[in-house]
Amino acid sequence: MKSNFDKISFDCSRNVTKTYSTSFSAAVRMLAPSIRQDIYNIYGFVRFADEIVDSFHDYDKEELFALFENDLAQAKKNKISLNPVLNSFQHTVAKYNIPNELIDAFMKSMKLDLTKTEYKTQQEYNDYIFGSADVVGLMCLKVFVKGDDHKYEELKNAAMKLGSAFQKVNFLRDLKADFEGLSRTYFPDTDLSRLDEASKLKIINEIEADFRAGFEGIINLPLEAKFGVYTAFVYYKKLLSKLSRTPSEEIKNTRIRVPDYQKYGLFAKCYFSYKLNII
C-alpha cells in the first residue's frame, strides 16, 4: 500500500535529519508532533541536494544533480517518487502548497556550488543566501502557519532573516572546510586566506543584525512552532558567540562547535523560557 511506502519515506527523512545534524534534530523534536514530520521532510530534501554538491567528490556531481533535479520534477508532478526523501518532500510541498519558486531558487543556489567558488559582489552573495537559506526558512514557515497566508506574509521577512543568520553562521564555522576542501569563499570583499579581526567583526555584526530581525518573527510564531524555532535560534546564537570570541586565525584552522553538555544546558534553558512565557 502507498501508506506503507509513505511511512518508510517519512522514516527515511527523519533518519537523514538525525544522522546529519544532531542539533537541528533536537530542535525539531521541540516542535509540535503535528508539524514535526514535515520539517524532517524539508530537511531531508535540502540535505540530499547539499550532499551531492559538497560530498560526492568521487562521482560525477553534475550528472547526479541533474538526475536529482529531474526526479524532483517528476515527484512534484506525479505525487510520488521511488526516492524516499523526494517522496516525503513532495508530500509536504502538496500539503502546504509550497511555491515552486522557492524550490527553484534553492536548486539554483545548490547548482552554483557545482561550478562557482567565489562570490565577489554583495549582490551575488545576497542571491546565493536567498536561494540556499532564506527560501528554506520560507518553506518551513509555510508549515508553521499551516496555510494561513496572512500570517505567512506577516512573518516572511523575519523567517528570511533567520535563515540568513543560520547560513552565515555555518559559513563562518565551516570556513576552513569550504576554503581548503572545496576552494569556496562566500563572503564578498573578504580575503579568507588572511582573515583578520576587523573582517571577522564585520561578518559578526551582519549576522547579529539578521538575528535581531529574525527574533521579532519568533515571538509571533504559532505555539506549535515557537519552542522549536527558538531552540534553534539560541543554539546558533551560542555558536556565534563562540565564533566572536575565537581569534580569526583559529577560525581559519579549526571547526568551532558547541559541546554536547552545553547544548543540553541551552535546551533546558529554552524550555524554561518557553514555559515561563519569556518568549
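Residues numbered from 1 in each chain as written. Predicted model: local features only at pLDDT ≥ 70, side-chain atom pairs only at ≥ 80, totals over all residues. Heavy atoms only, no water.

Participant: Would you take a moment to explain the packing of helix α10 (residues 197-218) against helix α11 (residues 223-245) for this structure?
Facilitator: To characterise two packed helices, one gives the angle between the axes of the helices and the distance between these axes. Contact pair α10 / α11: the axes reach a minimum separation of 11 Å and the direction vectors enclose 165 degrees. Taken as axis vectors, α10 and α11 run roughly antiparallel relative to one another. At the point where α10 passes α11, the crossing takes the left-handed sense. For the pair α10 and α11, the contacting residues are Lys200, Ile204, Ile207, Glu208, Phe211, Phe215 and Ile218 in the first and Lys226, Val229, Tyr230, Phe233, Tyr236, Lys237, Leu240, Leu243, Ser244 and Arg245 in the second. (Axes fitted to C-alpha atoms, helices over the stretch in contact; angles between N-to-C directions. Helix = DSSP H or I, 4+ residues; strand = E, 2+ residues; numbered from the N terminus. Parallel < 35°, antiparallel > 145°, perpendicular 65-115°, else oblique. Left-handed = near helix turned anticlockwise from the far one by under 90°. Contact = heavy atoms within 4.5 Å.)

Participant: Teacher, can you tell me more about unusual backbone geometry here?
Facilitator: Negative phi values dominate among residues other than glycine, just as trans dominates among peptide bonds. If you check the backbone angles, Asn97 has positive phi at about 55 degrees while not being a glycine. Checked against the element boundaries, Asn97 lands in the loop between α5 (84-96) and α6 (100-115). According to the relative accessible area criterion, Asn97 is exposed, its value standing at 60%. (Buried < 20%, exposed > 50% of the residue type's maximum accessible area, 1.4 Å probe, protein only.)

Participant: For this particular structure, what's the right way to read α10?
Facilitator: Note on helix geometry: an α-helix contains 3.6 residues per turn, so any two residues three or four positions apart are oriented the same way. For α10, which comprises 22 residues, the first-to-last C-alpha distance of 31 Å matches the rise-based estimate of 32 Å (1.5 Å per residue) to within 8%. Taken as a whole, α10 has its buried residues at Lys200, Ile203, Ile204, Ile207, Asp210, Phe211, Gly214, Gly217 and Ile218. Mapping the buried residues of α10 onto a view down its axis gives an arc of 125 degrees, with all of them on the same face. When the buried face of α10 is taken as reference, the exposed residues oriented beyond 90 degrees from it are Ala198, Lys202 and Arg212. Of the surrounding elements, those touching the buried residues of α10 are α8 (149-173), α11 and α12 (248-251). (Expected span 1.5 Å × (residues − 1). Arc of directions from axis to C-beta.)

Participant: What is the right way to look at a nonpolar patch on the surface in this model?
Facilitator: Together, Phe56, Tyr59, Leu64 and Leu67 give the surface a local cluster of nonpolar side chains, amounting to about 380 Å² of exposed area. Looking at the secondary structure, you find Leu67 in helix α4 (residues 61-78). (Patch = residues over 30% accessible without salt bridge, like charges linked within 9 Å, V, L, I, M, F, W, Y side chains within 5 Å. Areas by Shrake-Rupley, 256 points an atom, 1.4 Å probe, with all protein chains shown as cover. Salt bridge = Lys/Arg side-chain N within 4 Å of Asp/Glu carboxyl O.)

Participant: Explain the packing of aromatic side chains here, please?
Facilitator: Describing an aromatic ring pair means giving the distance of the ring centres and the angle of the ring planes. Evaluated as defined, the whole model comprises 18 aromatic pairs. Look at Phe45 and Phe89: their rings are 3.9 Å apart centre to centre, the planes differ by 10 degrees, and that puts the pair in the stacked class. Placement of the pair is Phe45 in helix α3 (residues 33-55) and Phe89 in helix α5, with a sequence separation of 44 residues. For Phe45, a relative accessible area of 0% gives the class buried. Take Phe89: its relative accessible area is 1%, and that puts it in the buried class. By way of ring pairs, the aromatic residues Phe166, Phe211, Phe215, Tyr230, Phe233, Tyr235 and Tyr236 are connected into one cluster. For the cation-ring pair, Lys116 lies above Tyr119, with the distance from its terminal atom to the ring centre recorded as 5.2 Å. The cationic tip of Lys142 hangs over the ring face of Tyr152; the distance from NZ or CZ to the ring centre is 4.3 Å. (Phe/Tyr/Trp six-rings, centres within 6.5 Å; stacked < 30°, edge-to-face > 60°. Lys NZ or Arg CZ within 6 Å of the ring centre and 35° of its normal.)

Participant: Where do I start with the nonpolar core in this structure?
Facilitator: Nonpolar side chains tend toward joint burial in soluble globular proteins. With 79 residues, the main nonpolar core has Phe45, Phe106, Phe144 and Phe211 as its most contacted residues. Here this core gets 12 residues from one element, more than from any other, and that element is α11. Each residue touching Phe106, except ones within four places of it in the same chain, is listed here: Phe45, Val46, Ala49, Gly131, Ser132, Val135, Val136 and Met139. (Core = buried A, V, L, I, M, F, W, Y, C linked by side-chain atoms within 4.5 Å.)

Participant: When you look at the side chain of Ser9 in this model, what are you seeing that I'm missing?
Facilitator: With respect to the helices and strands, Ser9 occurs in helix α1 (residues 2-20). Classification of Ser9 as buried rests on a relative accessible area of 0%.

Participant: Teacher, can you tell me more about the pattern of salt bridges here?
Facilitator: A full pass over the atoms with the stated rule returns 17 salt bridges. Between Glu206 and Lys168 there is a salt bridge whose closest N-O contact spans 2.8 Å. One end of the pair, Glu206, is in helix α10; the other, Lys168, is in helix α8, and 38 residues separate them in sequence. Glu197 is the partner of Lys200 in a salt bridge, and the nearest nitrogen-oxygen pair spans 3.2 Å.

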